[in-house]
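Architecture at a glance
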Amino acid sequence: MSGYAGKILRVNLTKKEITAIPTKKYEHWVGGHGMGSAIFFDLVKDKTIDGFNPANVVTLMTSPLSGTLVPAASGRTEVQGIGVQSYPIGWFTRSNFGGRFSSMLKYAGWDGVVIEGKASRPVWIDIRNDDVKIRECASLSLWGKDTWECQEIIWDYVAGEGKYGDWIKQNNSEARTTQRPAVVAIGPAGENLSRVACLIHDASSAAGQGGFGAVWGSKNLKAISVIGTGGIKIHDPQGLMAARLWQKKNYAFDLENLIERWGFQHQAPPAPIALWRGGRPKIGQRPQACLGCHSACRARYDDALGNEASCFASVFYWDAKSLDIQRTASDLINKYGLNAVEMCFGLLYIYLLNQNGVLKSSNIPKCPLDFSNYGSEEFVERFVKMVSYGDDGNGNKSQFGKDISGGFVWAAEKWGRREQDLNNGMLSFPYWGLPIHKEPRAQVYWGYATLLGDRDINEHDFDWLKHDAKIAARWGRKTMATAEEAVKIVTDKMVPYQGDMLMMDFSEKNIYSEHMAKLVSWHRYYTRFWKQSMLFCDVRWPDFLNLYAPGKIGSTGIAEPKFLKAVTGKDFSFLDGINLGRKIWNLDHAIWTLQGRHRDMVHFADIIYKRKASWDVDGKAYMPGIENGKWDYHYYARRTLDRNKFDEFKTRFYQLQGWDEASGWPKKKTLDSLGLSYVASELEANGRLGKG
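Residues numbered from 1 in each chain as written. Predicted model: local features only at pLDDT ≥ 70, side-chain atom pairs only at ≥ 80, totals over all residues. Heavy atoms only, no water.

**Topic: the pairing of strand β6 (residues 112-116)**
Using the following cut-off: Only protein chains enter the area calculation, which uses a 1.4 Å probe; residues under 20% of their type maximum are buried, those over 50% are exposed, and those in between are partly exposed. For helices the rule is a DSSP run of H or I covering at least 4 residues; for strands it is a run of E covering at least 2, with both sets numbered from the N terminus onward. At least two bridges found by DSSP between two strands is the condition for calling them paired.
The buried fraction of β6 amounts to five of the five residues, a majority that puts the element mostly inside the structure. Side chains G112, V114 and E116 project from β6 onto one buried face, and the interleaved V113 and I115 project onto a second face that is buried too. Here strand β1 (residues 7-12) pairs with β6 via four bridges, running parallel. Of the residues in β6, the one forming a bridge with L9 is V113. Taken together, the four bridges between strand β3 (residues 58-61) and β6 define a ladder with antiparallel strand orientation. The partner of T59 across the bridge, within β6, is V114.

Next up, the structure:
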């Protein structure tokens, strides 16, 4: 089994049992998300349980590419289980974080970790190669510590207080490494079961969505530490090196000849995605990458403030009075273990309630925040503590703090304001109680996929199109390609729908069409397999349009199977991956169906149908479209979606999937054709199998 360690660690916290699952049993799912979904389906007999139920199973999975030389595919870990963030149901969901945890897990001899049950007292899991222990937190006083303190204590406990570069021996054997343990931990937010809580690894690698920090807290699980001294068997080491050099020669950025200085695609040079309002500080700094990545997207600074914070972690507290205060706010949410996106829009909600004079209404408990101090470090620290501890931020009881700690949409529901605040725009959580990310009225594929799935998709595969056109419009420069040229390059790679350019036509007449249903479908299949199962980085992959390549045609479609072949020896085509992605997507959808999903539930908040966007969540959304018979980039954000036409779109989408149009439930013949007859049987036994 080249590329695999050969076994998956299974930890039952209730029984204090440590066993192993042979990876071979799930190898046909290849890795990552596919394996995680299949294991969850097998181990969780009642899929209707709440995320806080001890019977909930959480998986942390690697891929065959983890810990190898494959560029931007070595360092990510896939997390799955029933979440507690979404509304009205905590869907079976996923999250994902970068860094070095997955690689270290492979070096320790494990392809993943399966967590079951609930410990009677707070514990952490200590993995040192084959030696795995469930240790109580009390001896190291870990419970109550923030995520950074927790990791530092475990580093010193496992590896001693030496410096980087020292040799660390394992288990009194000759096995040794210079690496510190990779630790993923929860902070006070997770311990106190805040639905906003997340998992943090190193400084700012976060599994943000799903509320998995709270799920771990409910299991009394503080952290998992892993250190390994082994390696990974590669099928064709020379072939893997040759593939990496081929990728570098033909598709990677050239620092001596930079064509594109902006962007986060495969061709982009190292540039931290630090989005602080005041930009990056004018002090010494260096790039920081996940293990194996060719192009770092994080940074470390001389003063260590805001280290590794990127994307939404650096957007939080936009109204801070200074850059250093905003950088401090980034550190606070990482240390307390909070989901950055939820905190951004949650703070905005509380701020707007205050600005509109309704924060002191009778239905809302007394808010301890002093808005005369808004923008200060004291204000944001108190807000972070309120969400983390569910109190007033100073250690005193507060119903308001308790409510927002349970999630901002859930708080609005308690206050009797959810519907009205969703519709007046103050509560920007338009689908499944989740915060908006991209404008769903413009980038409709993003909104549709989020609603048809379980979480904000946070998949940037086509996002560069918008950013490139937006910047070109703002600065009066040329786009990387004309709209027609870019659409052709992208859609030519979208097997089995290749050549259908209308999949990328975002004009009003096309956004409810079968072409758009194909785009959403292909995107589900590609990401479910190549990104979430093979764990190619969402920022750097896919490589669609590449200015260094002949004809601007990037490596996607060729590169992914080339790397997989070199590592595993598997003859597995790009289309094979798309087809397996479809199977994984159907398995996930079956789980949501068992949880209670019906097509009638699948709708945006009314504001998306009734009001044009008054502001773009991340700048003006220019998208490709055909107007008056010609392709170009157009500004489509200032429109509403049509509720009835969206229902028609759902019917087209369900037909394309082979699901029951009336209910949205999977059909037996579809599942049978995918090798999921056992899934159909469970749906039938629960009265939730689609007709036809």
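**A word on the sheet that holds strand β12 (residues 199-201)**
Put simply, the test is: Angles here are taken between N-to-C directions and fall from 0 to 180 degrees, while the axes themselves are lines fitted to C-alpha atoms, restricted in helices to the stretch in contact.
Across the sheet, which stays open at both edges, the six strands sit in the order β8-β7-β14-β11-β12-β13 with mixed pairing between neighbours. Edge positions in the sheet fall to β8 (131-136) and β13 (205-207), since each has one partner strand and no second. Taken over all neighbouring pairs, the strand axes of this sheet differ in orientation by 15 degrees on average, direction set aside. As defined by bridge partners, strand β11 (residues 182-185) adjoins β12 across two bridges and the pair is classed as antiparallel.

**Here we look at unusual backbone geometry**
That bond from Y87 to P88 is cis: its omega, 5 degrees, falls within 30 degrees of zero. By the secondary structure assignment, P88 is in the loop between β4 (77-82) and β5 (92-97). Of note, the bond from W541 into P542 is cis; its omega dihedral lies within 30 degrees of zero at 0 degrees. Tracing the sequence through the fold places P542 in the loop between α17 (514-531) and α18 (559-568). The backbone of C311 sits at a positive phi, close to 50 degrees, despite the residue not being glycine. Turning to its location among the elements, C311 is positioned in the loop between β16 (298-301) and α7 (312-315). Looking at C311, the relative accessible area reads 28%, which means it is partly exposed. Positive phi outside glycine occurs at W432, with the angle close to 50 degrees. Here W432 lies in the loop between α13 (418-423) and α14 (444-452).

**Comments concerning the layout of surface pockets**
Heads up, the rule is: Note on definitions: the grid is 1 Å and covers protein atoms alone; a cavity is a set of points where a 1.4 Å probe fits but cannot get out; a pocket is an open set with protein on both sides within 12 Å along at least five of seven lines; lining residues have an atom within 4 Å of a point. Grid points are joined across faces, edges and corners, and a volume is the space filled by probe spheres set on the points. Gly is placed with the polar residues, together with every amino acid not listed as nonpolar (Ala, Val, Leu, Ile, Met, Phe, Trp, Tyr, Cys and Pro) or charged (Asp, Glu, Lys and Arg).
In this structure, the second largest pocket occupies an estimated 530 Å³ of space. Every residue lining the second largest pocket is counted, 22 residues in all, and those nearest its centre are W155, D202, A203, R300 and E308. Elements supplying a minimum of two residues to the lining of the second largest pocket: α3 (147-159), β15 (285-288) and β16. Ranked by the residues each element gives to the lining of the second largest pocket, the list is headed by α3, at four residues. A breakdown of the residues in the lining of the second largest pocket according to their chemical character gives eight nonpolar, six polar and eight charged.

**Brief notes about the sheet that holds strand β2 (residues 17-22)**
The test is simple: Residues count as neighbours in contact if any of their non-hydrogen atoms are within 4.5 Å of one another.
Across the sheet, six strands lie side by side as β2-β1-β6-β3-β4-β5; this open sheet has mixed pairing. What marks the edges here is a single partner per strand, and that holds for β2 and β5. Taken pair by pair, the neighbouring strands of this sheet meet at an average axis angle of 20 degrees, ignoring direction. Those strands touched by helix α1 (residues 32-43) are β1, β3, β4, β5 and β6, and its axis lies near 25 degrees from that of β4.

**Some details on the environment of R639**
Inclusion rule: Polar contacts, as counted here, are pairs of nitrogen or oxygen atoms within 3.5 Å of one another; within protein the pair requires one atom able to donate a hydrogen and one able to accept it, and residues that are adjacent in sequence qualify only if both atoms are side-chain atoms.
Note that R639 resides in the loop between β18 (630-635) and α21 (643-657). Residue classification places R639 among the buried positions, given a relative accessible area of 8%. Taking the C-alpha atoms as reference, R639 lies 9.0 Å from I608; in sequence the two are 31 residues apart. Discounting chain neighbours no more than four positions away, the residues touching R639 are R441, A442, V444, F506, S507, E508, I511, K612 and A613. For R639, the side chain forms a polar contact with the main-chain oxygen of R441, separated by 2.6 Å.

**Re a nonpolar patch on the surface**
Cut-off, in case you're wondering: Note on patches: the residues involved have over 30% relative accessible area and no salt bridge, like charges join within 9 Å, and the nonpolar side chains Val, Leu, Ile, Met, Phe, Trp and Tyr join within 5 Å. Method for areas: the Shrake-Rupley scheme with a 1.4 Å probe, in which residue coverage is limited to the protein chains shown. Take a side-chain nitrogen of Lys or Arg and a carboxyl oxygen of Asp or Glu: if they are within 4 Å of each other, that pair is a salt bridge.
On the surface, a nonpolar cluster with roughly 260 Å² of combined accessible area is contributed by L69, M241 and L245. Position of L69 relative to the elements: it lies in the loop between β3 and β4.

**Some points on the packing of aromatic side chains**
For any pair of aromatic rings, the description rests on two quantities: the centre-to-centre distance and the angle between the ring planes. Note the threshold: Aromatic pairs are defined between Phe, Tyr and Trp rings, using the six-membered ring for Trp, whenever the two ring centres lie within 6.5 Å; interplanar angles under 30 degrees are classed as stacked, those over 60 as edge-to-face, and all others as tilted.
Taken as a whole and judged by the stated rule, the model has 46 aromatic pairs. Ring geometry for F312 versus F345: centroids 6.3 Å apart, planes at 55 degrees, classification tilted. With a gap of 33 residues between them, F312 in helix α7 and F345 in helix α9 (residues 340-355) connect regions that are remote in the sequence. With relative accessibility at 6%, the residue F345 sits in the buried group.

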